[in-house]
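Residue-level structural notes
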Amino acid sequence: MEGLAVPLPRLLRPLPLPKHAIPISTSNFTSTSTGFISLKQLQLSPRRRRFPLSTPSSHSQPQGEQLTVVAPGNDNSVSGDSIRQRFLNFYASRAHKVLPSASLVPDDPTVLLTIAGMLQFKPIFLGKLPRQVPRATTAQRCIRTNDINNVGQTSRHHTFFEMLGNFSFGDYFKTQAIQWAWDLSTVEFGLPPERLWISVYQDDDETFHFWSQQVGVPVERIKRLGEDDNFWTSGATGPCGPCSEIYYDFHPEKGYDDADLNDDTRFIEFYNLVFMQYNKKDDGSLEPLKQMNIDTGLGLERMARILQKVPNNYETDLILPIIEKASELANVSYGISDDQTKRYLKIVGDHMRAIVFLISDGVVPSNVGRGYVVRRLIRRVVRTSRLLGIKGDGRGDLEGAFLPIIAEKVVELSTHIDADVKNRAPRILEELKREELRFVQTLERGEKLLEEKLADAISSAERNGTVPCLAGEDVFILYDTYGFPMEITKEVAEERGVSIDMNGFDIEMEKQRRQSQAAHNTVKLAIGSGTSIADNVPDTEFIGYDSLYCKAIIASLVVNGDPAVRVSEGSNVEILLNKTPFYAESGGQIGDHGFLYISEGENQPKAVVEIIDVQKSFGNIFVHKGTVHKGVVEVGKQVEATVNVKLRQRAQVHHTATHLLQAALKKVIGQETSQAGSLVAFDRLRFDFNFHRPLLDSELVEIEVLINGWVEDAVLLQTKVMPIADAKREGAIAMFGEKYGEEVRVVEVPGVSMELCGGTHVSNTSEIRGFKIISEQGIASGVRRIEAVAGEAFIEYVNARDSYLKQLCSTLKVKPEEVTARIENLLEELRAARNENSTVRAKAAVYKASVIASKAFLVGNSNQYRILVECLDDVDAESLKSAAEYLMETLADPAAIVLGSCPGEGKVSLVAAFTPGVVKQGIQAGKFIGQIAKLCGGGGGGRPNFAQAGGRKPENLAAALEKAKSELIANLSEKGN
């Protein structure tokens with residue numbers, strides 16, 4: 001495509017500084033000089049029409065003269081990938097460090113997912129971590145689902161989007177941020193200045209004047225907005241400040257009068273500049289920050305929409321190829337589809353990007369937390385695609401899955417967003433296939449539930465003489481729990497002559513929306529009381545790789561969260577040292593245990609602090625948690641820090657064994673498996689990994705053989721520090737959930753494994769001594785967990801199992817090799833005895849049933865319905881069922897039978913058996929007995945003709961049976977009239 005450009009010779013000439021001049025850097029051109037361009041000099045000619053800035057359309061594109069310029073230095077490309085790279089290059093040329101996007105799974109407990117470009121820099125903005133660079137720029141992947149219902153409805157809402165940002169950490173401020181944002185927009189991207197509007201905070205005169213007087217934006221195109229729109233806060237307290245936004249005007253011909261920047265048909269905000277200059281105190285007052293910061297965000301999809309001259313973000317090259325793939329499977333054409341079909345296709349295109357990148361970053365579908373987010377998105381795509389007519393895999397296989405086919409297109413487009421997605425593609429596609437096929441079954445259950453709800457609505461309307469209506473709550477349950485589209489519910493209901501309570505449905509949807517927005521959709525930067533401590537304490541020097549003992553100085557003491565100078569015997573305390581041999585919990589490995597010893601000379605009592613945990617806080621400050629067992633500790637005193645050698649050895653044995661386990665898993669079940677979490681403790685190791693099925697016994701054995709073989713090989717480990725790019729190039733694996741700096745520590749077991757890891761390890765694999773898997777289980781959809789022991793814990797495990805086996809042999813009086821056969825014989829004898837006992841109990845129950853059969857009575861004018869409701873004392877549930885089945889065969893049709901019993905303390909059993917003549921009258925056993933069971937503190941259900949239930953309140957059984965009798969009499973007497 002043609003790009004946007006200004007004639008280069010004119011730009012390259014040094015110019016005097018006229019009024020309303022715009023300073024720009026020409027480092028991206030063919031000269032390194034700096035010049036200035038005024039707004040008048042940027043007035044563009046319509047003579048070149050190769051690439052009109054926008055194409056007129058009825059709803060969002062401007063009419064009139066088409067303006068065209070060519071963007072410098074980028075081969076005239078306006079693709080999404082090019083825009084991203086041009087942004088990064090622009091700020092890199094202005095001394096910004098280009099940093100990679102953080103994971104969508106943030107290292108921050110206050111948010112569920114990465115929702116903003118600034119999130120990875122939050123500790124720096126808070127002052128908890130020192131800045132590594134004064135300036136940075138990123139292209140950050142983000143997820144937001146609080147406006148999910150707007151996806152496809154508006155031109156700009158997404159669940160997945162990329163936020164291009166430039167950041168200053170106490171370096172430059174408003175002047176440079178504003179000027180560069182303007183240069184980027186008007187020069188680098190070639191946007192006509194007369195189409196750009198600015199918003200500023202209502203009281204921010206400084207920013208207003210800079211835009212109008214220095215940049216030269218007419219005051220008519222600068223809007224002052226209130227706190228809700230243009231004052232950014234991180235929470236009730238903490239860093240905050242005014243912001244300024246740049247908007248693109250699709251319809252400049254409408255003029256300045258009554259222009260509303262919130263009018264989506266005319267304007268789109270594409271660049272937000274946050275001037276983080278205040279700290280909001282508890283009383284609401286503002287105080288200037290010592291370090292003023294810049295946080296900006298430019299929406300990639302929005303800029304692509306502007307430059308690619310399309311009517312909405314979905315039709316850019318970032319999303320449209322995904323929509324076209326979905327259109328192919330649905331056998332429709334997006335370009336000529338109606339608005340409803342286009343909306344469905346937009347939902348698929350948007351959600352599939354979010355789903356693929358979430359799974360790639362380690363999120364697997366589940367019913368909690370992040371897993372629920374991705375599961376909800378998947379289900380929304382599946383049910384929306386059913387509305388589009390996609391069946392099976394969309395290519396003729398009705399038992400197949402279509403999500404992997406569309407996901408392949410997302411993977412294809414991911415190269416410049418996250419190169420790791422392609423490597424993880426097999427796992428992503430397999431997870432999508434499994435989740436889709438599982439959900440299709442759920443959707444089918446929803447169809448059955450809908451049929452039941454419609455039948456209930458029709459039946460209720462007939463009894464009450466009203467118009468049948470499906471309750472809004474039921475529609476919402478079908479939508480939220482079973483993933484059943486409201487549109488399908490409405491269509492099916494109308495075919496049956498049933499209306500829908502849309503008001504009730506909207507109320508339930510609003511409740512869910514409020515709950516969704518209330519949870520984890522703001523980035524909290526509140527400064528806690530600990531900040532003052534961190535300000536006065538430098539990072540802790542860790543020497544624990546080389547030594548388990550050192551002398552150190554107490555830098556700070558904390559008791560119950562408050563700073564202390566002196567702590568006496570018996571107190572729990574947190575101790576900050578200037579250096580330490582203690583490993584602080586990270587990378588899955590728990591913190592070291594040990595002791596701090598303090599002596600004040602020969603005549604002074606010795607103080608002893610037992611350390612039971614070590615954590616990292618405020619970045620790289622080690623917090624030693626323990627109890628003062630003797631004496632007094634004071635700030636500034638020298639201590640002898642000693643790590644428990646045996647426990648450290650146990651931890652490092654398990655940590656190295658974890659690396660070997662991951663290597664073995666990749667060999668046995670496939671390279672695509674990846675770590676999803678870990679625990680390295682003194683007594684065991686735990687390793688979570690992505691895999692779709694339980695491991696076979698033979699696979700577990702193969703894994704153990706591999707690891708124990710590497711242990712026997714006595715391989716010498718190698719550790720080295722290198723640039724992260726070099727480490728990844730050599731094939732080092734990153735540990736799950738860890739964040740890395742420019743320099744990383746690489747732990748290698750030559751020929752076996754290489755990982756980025758800051759943990760402690762053995763020097764030789766022979767120190768592991770032995771490895772044994774003690775369990776393998778699923779912990780979430782697509783996530784498995786292995787627990788194992790190694791080293792001393794392995795020896796303890798084997799000894800304990802040997803002891804149990806000896807006791808068992810003694811009890812059974814057999815040899816170890818005969819234990820299995822003996823237990824199988826005992827189990828078979830037990831099963832036979834239980835079956836015999838069950839048969840006797842069933843026969844006794846049937847006998848009791850034969851006795852009470854004569855108690856059945858007739859109801860109805862014609863006396864055609866037989867009713868029998870009785871209590872059979874302590875008969876168990878299975879025998880009660882046998883009794884009911886006997887009575888169904890004994891009593892003539894139509895008959896209704898309800899039996900109850902108390903088979904044990906705190907237990908109630910109920911059964912309802914209705915013959916065909918009763919069921920035809922609309923009385924269903926499952927629903928009937930479920931309501932009766934509630935009176936006994938329980939529930940249940942089953943088929944229309946036979947159902948069982950239980951409860952926990954035997955004292956209510958008599959009343960419940962009486963209720964059952966009266967309801968049967970009332971219902972069947974009515975039918976008999």
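Reading the values: the criteria
Residues numbered from 1 in each chain as written. Predicted model: local features only at pLDDT ≥ 70, side-chain atom pairs only at ≥ 80, totals over all residues. Heavy atoms only, no water. Phe/Tyr/Trp six-rings, centres within 6.5 Å; stacked < 30°, edge-to-face > 60°. Helix = DSSP H or I, 4+ residues; strand = E, 2+ residues; numbered from the N terminus. Lys NZ or Arg CZ within 6 Å of the ring centre and 35° of its normal. Salt bridge = Lys/Arg side-chain N within 4 Å of Asp/Glu carboxyl O. Buried < 20%, exposed > 50% of the residue type's maximum accessible area, 1.4 Å probe, protein only. Pairing = 2+ DSSP bridges. Patch = residues over 30% accessible without salt bridge, like charges linked within 9 Å, V, L, I, M, F, W, Y side chains within 5 Å. Areas by Shrake-Rupley, 256 points an atom, 1.4 Å probe, with all protein chains shown as cover. Polar contact = N/O pair within 3.5 Å; in protein donor to acceptor, adjacent residues only side chain to side chain. Contact = heavy atoms within 4.5 Å. pLDDT = per-residue confidence, 0-100. Core = buried A, V, L, I, M, F, W, Y, C linked by side-chain atoms within 4.5 Å. Axes fitted to C-alpha atoms, helices over the stretch in contact; angles between N-to-C directions. Parallel < 35°, antiparallel > 145°, perpendicular 65-115°, else oblique. Left-handed = near helix turned anticlockwise from the far one by under 90°. Nonpolar A, V, L, I, M, F, W, Y, C, P; charged D, E, K, R; others polar.

Concerning the packing of aromatic side chains
- Counting across every chain of the model gives 22 aromatic pairs.
- Look at Phe 87 and Tyr 91: their rings are 5.0 Å apart centre to centre, the planes differ by 55°, and that puts the pair in the tilted class. Taken together, the positions of Phe 87 and Tyr 91, both in helix α2 (residues 80-92) and four residues apart, correspond to about one turn of that helix.
- Through a chain of ring-to-ring contacts, three or more aromatic side chains come together here, namely Phe 87, Phe 90, Tyr 91, Tyr 172, Trp 180 and Tyr 271.
- Against the face of Phe 90 rests Arg 94, its NZ or CZ located 3.6 Å from the ring centre.
- We note Arg 745 situated over the ring of Tyr 545; from NZ or CZ to the ring centre the distance is 3.7 Å.

Re the pattern of salt bridges
- Throughout the structure, instances matching the rule amount to 41 salt bridges.
- Residue Lys 453 pairs with Asp 474 through a salt bridge whose shortest N-O separation is 3.5 Å. Residue Lys 453 is located in helix α13 (residues 425-464), and its partner Asp 474 is located in helix α14 (residues 472-480); the two are separated by 21 residues in the primary sequence.
- Relative accessible area serves as the criterion here: at 19%, Asp 474 is assigned to the buried category.
- Connected through shared salt-bridge partners, Arg 141, Asp 361, Asp 418, Asp 420 and Arg 424 make up one network.

A short note on the pairing of strand β21 (residues 607-617)
- Where strand β20 (residues 594-598) lies against β21, five bridges are found, and the strand directions are antiparallel. Within the sheet, the bridge partner assigned to Tyr 597 lies in β21 and is Val 608.
- Bridge analysis of β21 against strand β22 (residues 621-630) gives nine bridges, and the strand direction is antiparallel. Its bridge partner lying in β22, Ser 617 is registered against Ile 621.

Focus on a nonpolar patch on the surface
- Taken together, Leu 805, Leu 808, Ile 823, Leu 827 and Leu 830 make up a surface patch of nonpolar side chains, about 360 Å² in accessible area.
- Contributions of two or more residues to the nonpolar patch are made by α21 (792-812) and α22 (819-852).
- Among the elements that take part in the nonpolar patch, α22 stands out by supplying three residues, more than any other.
- Along the chain, the position of Leu 808 falls in helix α21.

Things to note about the side chain of Asn 764
- Along the polypeptide, Asn 764 turns up in the loop between β30 (753-756) and β31 (771-780).
- Looking at Asn 764, its side chain comes within polar contact range of the main-chain oxygen of Ala 714, at 3.3 Å.
- Within the local environment of Asn 764, its side chain forms a polar contact with the backbone nitrogen of Ser 766, the two atoms lying 2.9 Å apart.
- Setting aside residues no more than four positions away along its own chain, Asn 764 makes contact with Ala 714, Val 715, Leu 716 and Leu 717.

Quick look at the confidence of the model for the protein
- In this model, the protein carries a mean pLDDT of 84, and residues with pLDDT of at least 70 account for 87%.
- The element-level mean pLDDT for the protein is lowest in helix α1 (residues 8-12), coming to 29, with helix α19 (residues 697-712) highest at 97.
- Segment residues 1-76: pLDDT under 50, and 169 contacts once partners within four positions in sequence are set aside and those in other chains are kept.
- A low-confidence stretch, residues 518-532 stays under pLDDT 50, and its non-local contacts, those more than four residues away or across chains, total 41 contacts.

Some thoughts on the nonpolar core
- One finds Trp 211, Phe 270, Tyr 271 and Met 352 to be the most contacted residues of the largest nonpolar core, which totals 92 residues.
- Beyond its immediate stretch of four places on either side in the chain, Phe 270 contacts Ser 185, Leu 191, Leu 196, Ile 246, Tyr 247, Tyr 248, Gly 297, Leu 298, Gly 299, Arg 302, Met 303 and Ile 306.
- With 32 residues, the next largest nonpolar core counts Leu 695, Trp 710, Ala 788 and Ala 790 among its residues.

Some details on helix α7 (residues 300-307)
- Along α7, eight of the eight residues are buried, which leaves the element largely enclosed by surrounding structure.
- Where α7 is concerned, the buried positions are Leu 300, Glu 301, Arg 302, Met 303, Ala 304, Arg 305, Ile 306 and Leu 307.
- For α7, the secondary structure elements touched by its buried residues are α2, β5 (160-169), β9 (238-249), β10 (267-280), β11 (286-299) and α9 (339-360).
- Just downstream of α7 lies Lys 309, where phi reads positive at about 50°.

Points about the packing of α21 against α22
- Two elements in contact, α21 and α22, have axes whose closest approach is 11 Å; the angle formed by their N-to-C orientations is 55°. By the criterion of interaxial angle, the relationship of α21 to α22 is oblique. Between α21 and α22 lies a crossing of left-handed hand. Of the residues in α22, those touching α21 at Leu 805, Leu 808, Cys 809 and Leu 812 are Val 819, Arg 822, Ile 823 and Leu 826.
- Of the residues that constitute the contact of α21 with α22, the class distribution is seven nonpolar, no polar and one charged.

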